[in-house]
Amino acid sequence: MAAIVTAEGLHKSFARRGSMSPPVLDKLDLELEEGSVLALLGPNGAGKTTTVRILSTLLRPDAGRATVAGFDVVRDARRVREIISLTGQQVAVDDKLSGTENLTMMGHLAHLPRRVVRGRVAELLTAFDLADAAHRQVGTWSGGMRRRLDLAAGLLTRPRVMFLDEPTTGLDPRSRQALWDVVRGVVEQGTSVFLTTQYLEEADRLAQRVALVDGGRVVAEGTPAQLKREVGDAGVELTFASASDAGQVAPAVAATADGARVRVPTDGSVAHVRSVLSVVEATGVTPDHWEVRAPTLDDVFLALTGHVGQEHSARPAGVAA
Amino acid sequence: MTYLLRDVSTMTVRGLRLVSRDLDAMITAVVLPVIILLMFVLVFGGAMDTGTGYINYVTPGVILLAAGFGAASTAAAVEHDMSSGMVERLRSMPVTAWTVLSGHVAASLVKNLVTTAIVFGVSILMGFRPEASALEWLAAVGMILLFVGWITWLAALVGVLVRSPEAAGGFSFFVMFLPYVSSAFVPVDTLPGWLRGFAEHQPVTPVIETVRGLLAGDAAGGADPVGAAVLAVVWCLGLGLLFAVAAGLAFRARR
Ligand SMILES: Nc1ncnc2c1ncn2[C@@H]1O[C@H](COP(=O)(O)OP(=O)(O)O)[C@@H](O)[C@H]1O
Ligand SMILES: [Mg+2]
């Protein structure tokens, strides 16, 4: 299978001349295989949105090169726009328009032949389970419904590549599940999906490959299975009274301590959890608290890079980039 | 090219829908000018000596003031599109993205046409007696729309440049200020010297004189009606072109 999206050595800095702030993207390399899903997994401020904006022709990189279906995103931006769709981090629909009106407008703006717009809109509203609410103003819809409409607006033209920037952030678990189903359906229809997310679970459920980004670089790349092999399906998480207690126990269970915490990857079976706890007991240091937990993004970073991903909070509250 | 026309018409339909469903803005656009008209006529009317009934004098000014309110909501609508992700989405599509601005401008023109009709209606009920032929009416409304056009393109430019809804709203202060310092509500020669200089050389005054002349047989005493009309048209077209181009460039430049 060939790569449909490539990025080589992407570099981007928003720093003003003379300022010392580090680049937002620093030699970022990526590849999305045609017909598959790539998840860009990383904390807030890692550079996910910036990457998506460059790949979708909204922003020029300072250095490096990116292509979509062989077209350069800077030089052949027009060609790229004809074959992609972007669903940004913010839901971009008009609250004062109905669902049907929103999609119809997007169909015209996407330059679909006039006679096919109506049918395509009805088809998508039904497929995304929005037909019942279609005549109501979108401002009255739930967050999950609005997000599905937002996705549908990007699918009117059957794009070859769909960019989804944190599509489920802020959604409740049921809406998230519904959205995942929608994305799987899109992939089945042959669209390649470039997804960004802060949730390990989301990357695991949807993507064939995951690229872990931090500080504008890909710090690890692989299949979800490879990542999970490193991190474990779950972890026995032990919290000790002090970092030195944690440091004493960690080597015995072949883990590294993170402050007063030690996390031991596990398959979650009774036998394995019991064996971990026996080893801990044998060290003579008693944890204050322990639990078995699904891995978080922090756990992934700790396991793969040896440190926790940095939360960059340079952005003022309420402004999503 | 054919796509450009289609994009413009799609965006115009969108702009009209958004405007007609924004109840707050609609009330501001219609109720406020009527209240201001009532206030001017009932409160100040007695004190003014403008040569004819004050309502004949002041009605065109109130209509231009209403254009200012309308422009402020255009600035807010454009700012919302810039910051809400809508423009980002359009830019990732093969549309001519700046047509989103022309959609808002077209909607503003239609909205102001409605406001204008309502203000004229109320004004006539209160004793406004225009003596215009059908052609003069048409010319007067055309003049008003030219004025609305440039002020709305300025509003679109403001909407592209500002980074918050509050800043877009602040725009209304500026556009409210213009008609007050013109012959819209008081004859220019009642103003202090330095203000008079400004009032005589700003676009609202020739527009007002022209509309007033067309509707009321120039009862307010404009000296050179043709000159004023030419000046008004040149002002409005010039500023309209300037701000439309500036808005388009600013739109392209803002990332
Ligand atoms: N237009 C911009 N101007 C200045 N700084 C920006 C801009 N866009 C993003 N940044 C900064 O770049 C960094 C990465 O942002 P972003 O790509 O949005 O990260 P993510 O999507 O992973 O949260 C952040 O520190 C952010 O503040
Ligand atoms: Mg982001």
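In the block above lies the structure referred to throughout.
Predicted, not measured: the structure shown is a model, and the values here were computed from it.

**Q** When you look at the overall build of chain A in this model, what are you seeing that I'm missing?
**A** In terms of helices and strands, chain A carries 11 helices and 14 strands. Taking the principal axes of its C-alpha atoms as reference, chain A extends roughly 75 × 50 × 40 Å. Taking all 321 residues of chain A together, the buried fraction comes to 49%. Residue pairs in contact within chain A that sit at least 24 positions apart in sequence constitute 69% of those at least 6 positions apart. Per element, the accessible surface of chain A, about 14900 Å² overall, is 49% carbon and sulfur. Computing the positive centroid from 36 side-chain charges and the negative centroid from 39, chain A places the two 9 Å apart.

**Q** Looking at this model, I keep getting lost on the site of ligand 1. Mind explaining?
**A** Residues and elements named next belong to chain A. Taken together, 12 residues lie around ligand 1, and Gly45, Gly47, Lys48, Thr49 and Thr50 are the ones closest in. Between ligand 1 and Gly45 there is a distance of 2.7 Å, counted from an oxygen atom to a backbone nitrogen or oxygen. Here Thr50 contributes a side-chain N or O atom positioned 2.6 Å from an oxygen atom of ligand 1.

**Q** It is not clear to me how the coordination of the magnesium ion (ligand 2) should be interpreted in this structure. Could you clarify?
**A** Ideal values differ by geometry: the angle at a metal is 109.5 degrees with four tetrahedral donors, but 90 or 180 degrees with six octahedral donors. Within the protein, A:Thr49 (OG1) and A:Gln89 (OE1) serve as the donor atoms for the magnesium ion (ligand 2), at 2.0 to 2.2 Å. Of this pair, A:Thr49 sits in helix α1 (residues 48–55) while A:Gln89 sits in the loop between β6 (84–87) and α3 (99–109), and the two are 40 residues apart along the sequence.

**Q** I'm lost on the interface of chain B and chain A in this one. Help?
**A** How large an interface is tends to be reported as the accessible area lost when its parts come together. Facing 23 residues of chain B, the contacting portion of chain A comprises 34 residues. Buried area between chain B and chain A, summed over both chains or domains, comes out near 2600 Å², and the portion from carbon and sulfur atoms is 54%. Between the two partners, chain B and chain A, sit 5 salt bridges. In this structure, A:Arg53 and B:Glu88 form a salt bridge, with 2.9 Å as the shortest nitrogen-oxygen distance. Summed over the shared surface of chain B and chain A, the number is 12 residue pairs in polar contact (both at pLDDT 80 or more). When residues of the side of chain B that touches chain A are traced back to their parent elements, those giving at least two are α1 (2–21) and α4 (86–91) of chain B. For the side of chain B that touches chain A, the leading source of residues is α1(B), giving 9 residues. Taken together, the residues that form the side of chain B that touches chain A break down as 8 nonpolar, 5 polar and 10 charged.

**Q** I'm lost on the sheet that holds strand β4 (residues 63–68) of chain A in this one. Help?
**A** The strands that make up a sheet are held in pairs by hydrogen bonds between backbone atoms, and each pair lies either parallel or antiparallel. All names here are of chain A. What the 4 strands build is an open sheet, ordered β2-β1-β4-β5; its pairing is antiparallel. The sheet is open, and its two borders are formed by β2 (25–33) and β5 (71–72), each paired with just one other strand. Strand direction decides the pairing type here: β4 and β5, joined by 2 bridges, are antiparallel. Residue Val68 lies in a different strand from β5, and its bridge partner there is Phe71. Along the sheet, α1 makes contact with β1 (3–12), β2 and β4, crossing β1 at roughly 120°.

**Q** Please explain the packing of helix α3 (residues 54–83) of chain B against helix α9 (residues 204–216) of chain B as it appears in this structure.
**A** Two numbers describe a pair of packed helices, the interaxial angle and the distance between the axes. Residue and element names in this part refer to chain B. Two elements in contact, α3 and α9, have axes separated by 9 Å at closest approach and are oriented at 130°. Between α3 and α9, the angle is such that the two are oblique. Handedness of the α3/α9 crossing: right-handed. Together, Asn56, Tyr57, Pro60, Gly61 and Leu64 of α3 and Val204, Val207, Ile208, Val211 and Arg212 of α9 make up the contact between the two elements. Classifying every residue of the contact of α3 with α9 gives 7 nonpolar, 2 polar and 1 charged.

**Q** Any chance you could explain the packing of aromatic side chains here in plain terms?
**A** Residues and elements named next belong to chain B. As enumerated under the stated definition, the model contains 7 aromatic pairs over all chains in all. Ring plane angle 10° and centroid distance 4.3 Å describe the contact between Phe40 and Phe185, whose orientation is recorded as stacked. Of this pair, Phe40 sits in helix α2 (residues 23–44) while Phe185 sits in the loop between α7 (165–180) and α8 (193–200), and the two are 145 residues apart along the sequence. Of the two residues, Phe40 and Phe185, both sit in the buried class. Seen in terms of ring centroids, Phe147 and Trp150 are 5.7 Å apart; in terms of plane orientation they differ by 85°. Their pairing is edge-to-face.

How each quantity is defined
- Per chain, residue numbering runs from 1 following the sequence as it is written.
- The naming scheme follows written order: chains are lettered A onward, ligands numbered 1 onward.
- pLDDT decides what is reported in this predicted model: residues at 70 or higher carry local features, side-chain atom pairs at 80 or more are listed and counted, and totals for whole chains, interfaces and linings draw on all residues regardless.
- Excluding hydrogens and water, the side-chain values take into account all heavy atoms of the structure.
- For the purposes of this entry, the term helix denotes a DSSP run of H or I that reaches at least four residues, the term strand denotes a run of E that reaches at least two, and both are numbered from the N terminus.
- Each residue is placed in one exposure class: buried if its accessible area under a 1.4 Å probe, protein chains only, is under 20% of its type's maximum, exposed if it is over 50%, and partly exposed if it falls in between.
- Between two residues, a contact is recorded if the distance between any of their heavy atoms is within 4.5 Å.
- For the area figures, the Shrake-Rupley method with a 1.4 Å probe applies, and any residue is considered shielded solely by the protein chains shown.
- Charged residues are defined narrowly, with Lys and Arg counted positive, Asp and Glu counted negative, and His plus the chain ends left uncounted.
- Where a charge sits is defined by one atom per residue type, namely NZ (Lys), CZ (Arg), CG (Asp) or CD (Glu).
- Any residue with a heavy atom positioned within 4 Å of a molecule or strand is treated as near that molecule or strand.
- Counting of polar contacts relies on pairs of N or O atoms within 3.5 Å, with two restrictions inside protein: one atom must be capable of donating a hydrogen and the other of accepting it, and residues adjacent in sequence are counted only when both atoms are side-chain atoms.
- Sites may look incomplete, because water is not among the atoms used; the donor set itself consists of N, O and S atoms within 2.8 Å of the metal (3.2 Å for Na, K and Ca).
- Buried area adds together the accessible area that both of two parts lose upon being put together, with accessible area traced by a 1.4 Å probe.
- Any Lys or Arg side-chain nitrogen located within 4 Å of an Asp or Glu carboxyl oxygen qualifies as a salt bridge.
- Charged residues are taken to be Asp, Glu, Lys and Arg, nonpolar residues to be Ala, Val, Leu, Ile, Met, Phe, Trp, Tyr, Cys and Pro, and polar residues to be all remaining types, Gly included.
- Here, a strand pair is defined by DSSP locating no fewer than two bridges between the strands.
- Helix axes are fitted only over the stretch in contact, all axes being lines through C-alpha atoms; the angle between N-to-C directions runs from 0 to 180 degrees.
- Orientation labels follow simple angle bins: below 35 degrees gives roughly parallel, above 145 gives roughly antiparallel, 65 to 115 gives roughly perpendicular, and whatever is left gives oblique.
- Less than a right angle of anticlockwise turn of the near helix away from the far helix marks a crossing as left-handed, whereas a clockwise turn marks it as right-handed.
- Between 30 and 60 degrees the pair is tilted, below 30 it is stacked and above 60 it is edge-to-face, where a pair is any two Phe, Tyr or Trp rings, Trp via its six-membered ring, whose centres lie within 6.5 Å.

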